[in-house]
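Listed below, chain by chain, are the residues.
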Amino acid sequence: MNNIKHIHEVIFLVEKNNGHWTPEELVEAIGNTWGADVHFGACSGNAFPKENALNFLISRQKVVLTEEGKVVLHPSMKICDGHATFQAPR
């Protein structure tokens, strides 16, 4: 597993396209952006596949789904410090 990004990259992608994607479209955009084999790591855990990114971000109150089923940033979303220094596990 060499294609690992920090989950904050997905937050930035959502922010850039806020409210444009359904969950399925977000997973497709993630694959188109970083490759079908991309996994994401977080500050507090192991890497997981792109299909789990949305549920992870919802559970951490980083994104929510609108009534129309679109992915948007949570109104009180905050990114933890140090995301730029994330190192993928070896």
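Residues numbered from 1 in each chain as written. Predicted model: local features only at pLDDT ≥ 70, side-chain atom pairs only at ≥ 80, totals over all residues. Heavy atoms only, no water.

(A) Region of interest: the pattern of salt bridges. Tallied over the full model, the rule gives two salt bridges. Where Glu25 meets Lys70, a salt bridge forms, and the shortest distance between an N and an O atom there is 4.0 Å. A residue pair is termed long-range when its members are at least 10 positions apart, and Glu25 in helix H2 (residues 23-34) and Lys70 in the loop between strand S4 (63-65) and strand S5 (71-73) qualify at 45 residues. Where Lys50 meets Glu51, a salt bridge forms, and the shortest distance between an N and an O atom there is 2.9 Å. Classification of Lys50 as buried rests on a relative accessible area of 11%. According to the relative accessible area criterion, Glu51 is partly exposed, its value standing at 45%. (Salt bridge = Lys/Arg side-chain N within 4 Å of Asp/Glu carboxyl O. Helix = DSSP H or I, 4+ residues; strand = E, 2+ residues; numbered from the N terminus. Buried < 20%, exposed > 50% of the residue type's maximum accessible area, 1.4 Å probe, protein only.)

(B) Representation of the confidence of the model for the chain within the structure. Mean pLDDT over the chain works out to 86, with 86% of the residues at or above the 70 mark. Low pLDDT (under 50) marks residues 83-90, which in the prediction has 10 contacts with non-local residues, meaning those over four places away or in another chain. (pLDDT = per-residue confidence, 0-100. Contact = heavy atoms within 4.5 Å.)

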